[in-house]
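Chains, contacts and geometry: an overview
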Amino acid sequence: MPSDLFNRLRAAREKDGARFWTKPWDLNLFVLRGNVVGTWDDVVLVATVDDCQREVLLRCAATADAWSGEWLNPTAKGGCIYTLNGTYPRGLELGIFKGRVALRQVAPFRYVRWPDRHRIPTVPELEALGSAAGFTDTVGTHVHNRISDKTPLNPATDDSEGCTVTLYQHEHAALIRLSQQQRERHGTGILTPTFAERAALGV
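These numbers come from a predicted model, not from an experiment.

Let's shift gears to the packing of aromatic side chains. Per the stated rule, a full pass over the model turns up 6 aromatic pairs. For the pair F109 and Y111, a centre-to-centre distance of 6.2 Å together with 35° between the ring planes defines the contact as tilted. The exposure class of F109 is buried, given its relative accessible area of 1%. Owing to a relative accessible area of 0%, Y111 belongs among the buried residues under this scheme. Through pairs of rings, three or more aromatic residues link up here, namely Y88, F109, Y111, F135 and F195. Above the ring of F30, the side-chain terminus of R13 is found at 4.9 Å from the ring centroid.

The next subject is the sheet that holds strand β4 (residues 80-83). What the 3 strands build is an open sheet, ordered β4-β8-β9; its pairing is antiparallel. With one partner strand each, in any of the chains shown, β4 and β9 (135-137) form the two edges of the open sheet. Recorded for the sheet is a direction-independent mean angle of 45° between the axes of neighbouring strands. Both strand β8 (residues 109-114) and β9 contribute to a ladder of 3 bridges, which runs antiparallel.

When you line up the elements, L129 lands in helix α3 (residues 123-133). If we skip the residues at most four places from it in the chain, L129 touches V112, R113, W114, P115 and G134.

Attention now goes to α3. Listing the buried residues of α3 in full gives V123, L126 and G130. Buried residues of α3, seen end-on, are gathered within an arc of 60° and therefore sit on one face of the element. Every exposed residue of α3 that faces more than 90 degrees away from the buried side is listed here: A128, S131 and A132. Tucked inside the fold, the buried residues of α3 contact β1 (28-33), α2 (68-72), β4 and β8.

What counts and how
- Here the residue numbers are simple positions, counted from 1 along each chain's written sequence.
- Per-residue local features are limited, in this predicted model, to residues with pLDDT of at least 70; the limit for side-chain atom pairs, both in listing and counting, is 80 or more; totals at the level of whole chains, interfaces and linings are taken over all residues.
- Side-chain descriptors were evaluated using all non-hydrogen atoms of the structure, hydrogens and water having been removed beforehand.
- Two rings belonging to Phe, Tyr or Trp (six-membered ring only in the last case) form a pair when the distance between their centres is within 6.5 Å. Interplanar angles under 30 degrees mark stacking, angles over 60 mark edge-to-face geometry, and anything in between is tilted.
- Type-normalised accessible area, obtained with a 1.4 Å probe on protein chains alone, sets the label of each residue: buried when under 20%, exposed when over 50%, and partly exposed for intermediate values.
- The criterion for a charge sitting over a ring is simple: Lys NZ or Arg CZ within 6 Å of the ring centre, and within 35 degrees of the ring normal.
- Two strands are counted as paired when DSSP detects at least two bridges linking them.
- Secondary structure elements are taken from DSSP: a helix is a run of H or I of four residues or more, a strand is a run of E of two residues or more, and numbering for both begins at the N terminus.
- Orientation is described by axes fitted as lines to C-alpha atoms, over the contacting stretch for helices, and by angles from 0 to 180 degrees between their N-to-C directions.
- What makes two residues a contact is simply this: any of their non-hydrogen atoms within 4.5 Å.
- The directions considered for the arc run from the helix axis to the C-beta atoms.

Keep in mind these numbers describe shape, not what the thing actually does.
Set out below in structure tokens:
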């Protein structure tokens, strides 16, 4: 019987009209957010099953948003970019980013830009803004590791301008190993990410 968490993850996918993969080593990727942007309170979660149909869960500490300085002094003219919650079919593929193995964006995501440079927004504010000002594009929103293995309280300069960045190198390495295993088993390094709120899924 699937665990409560697997059932919640499956329901989140199906709510977005997407498939929850059930074959061994066929990965379901989730980016689960806390309510504060620019901090390491998010989680990258991979759910799959092994050859004996036992559940396999990988949890990686992460930030799904830009570092704090990017919100107040954004690189992009229109404001700091934010990936809105939702499921993005075939959105990521195992590849290389800045010489490091990562999950690269290969299909459009839905975004919003934060225009206020005087303060950092909350996740609910950004999601609310997205209903009126959201847009769809492919802008290079990858899942990659940090430049260094330091672990400060907040993401550092250049850690992220809006990508999902894993905090610990060993957790990122495990994510990449699972992605490579999927490619070896199923012939594809493509993954479908679901962005959602941690609290809503009880993670």
